[in-house]
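Remarks on the overall topology
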Amino acid sequence: MALKTWQLDAAHTTVGFMVRHMVVAKVHGRFTKFEGKVVVNGEDLSQGSAEVKIEAASIDTGVEQRDNHLRSPDFFDAAAFPKLIFRSKRVQDAGKGHYRVVGDLTIRDVTREVTLDTEFLGKVKDPWGNERLAFQASTSIERKEFGLSWNQALEAGGLLVGERVDITLDVQAVAVAAEQAA
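Figured I'd write up the structure that's included with this text. Since the model is a prediction, treat every value here as computed from it, not as a measurement.

Definitions and cut-offs
Residues numbered from 1 in each chain as written. Predicted model: local features only at pLDDT ≥ 70, side-chain atom pairs only at ≥ 80, totals over all residues. Heavy atoms only, no water. Pairing = 2+ DSSP bridges. Helix = DSSP H or I, 4+ residues; strand = E, 2+ residues; numbered from the N terminus. Core = buried A, V, L, I, M, F, W, Y, C linked by side-chain atoms within 4.5 Å. Buried < 20%, exposed > 50% of the residue type's maximum accessible area, 1.4 Å probe, protein only. Contact = heavy atoms within 4.5 Å. Salt bridge = Lys/Arg side-chain N within 4 Å of Asp/Glu carboxyl O.

**A closer look at the pairing of strand S11 (residues 161-175)**
- Where strand S1 (residues 3-8) meets S11, three bridges bridge the pair, whose relative direction is antiparallel. Each bridged residue has a counterpart across the sheet, and for Trp6 the counterpart in S11 is Ala175.
- Relative to S11, strand S2 (residues 14-21) runs antiparallel, the two being bridged by seven bridges. If you follow Phe17 over to S11, its bridge partner there is Ile167.

**With respect to the nonpolar core**
- Within the largest apolar cluster, 41 residues are counted, with the highest numbers of intra-cluster contacts made by Phe31, Ile54, Phe76, Leu84, Leu105, Ile107 and Ile141.
- When sequence neighbours within four positions are dropped, the list of residues in contact with Ile54 reads Val15, Phe31, Lys33, Phe34, Pro82, Lys83 and Leu84.

**Re the pattern of salt bridges**
- One pass over the structure, following the stated rule, counts nine salt bridges.
- Here Asp126 and Arg132 are joined by a salt bridge, their closest N and O atoms 2.9 Å apart.
- The class of Asp126 is buried, set by a relative accessible area of 10%.
- Linked through salt bridges whose partners overlap, the residues forming this network are Lys89, Arg90, Asp104 and Glu113.

**Description of the pairing of S1**
- Note that S1 and strand S4 (residues 34-41) share five bridges and pair antiparallel. When the sheet's bridge partners are listed, Gln7 is paired in S4 with Lys37.

Written out as structure tokens, the structure is:
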């Protein structure tokens, strides 16, 4: 089978996250600027690969002051480390349309292996004749492992910002024309 490349459709893809705030609450956010591709070998998704590059400065939690703090050296230091990058190393078939996509995640020039629990949602042709793939994926990371260690202790105990970050991806990708893929 021939390899086929699929570009992430930014208009129909969400790169989101959730982290605990003051122990009891959850703050949700997303990144609004990213690019990526998925390469698949025919119908065998376990022979695929993925790469995503996310602009750190595009973080959006809906609160400008918080977003500016997250872009600062206390967190992502977006000026010094403008991209978050995921590159898959292998895809393991977990059965019934589920996969474990194992790869390297780089944040602030720190690279750690992560596993994305992934569900293949299907392949369709859109009304304009383009082939599309859709996936959902999730993982959790410990932010300190990536140099995101800023925090404040709370008077009642616990920390202002949770250590674990849950990452969720809702991905739609469009097949790249053969002449563009070459």
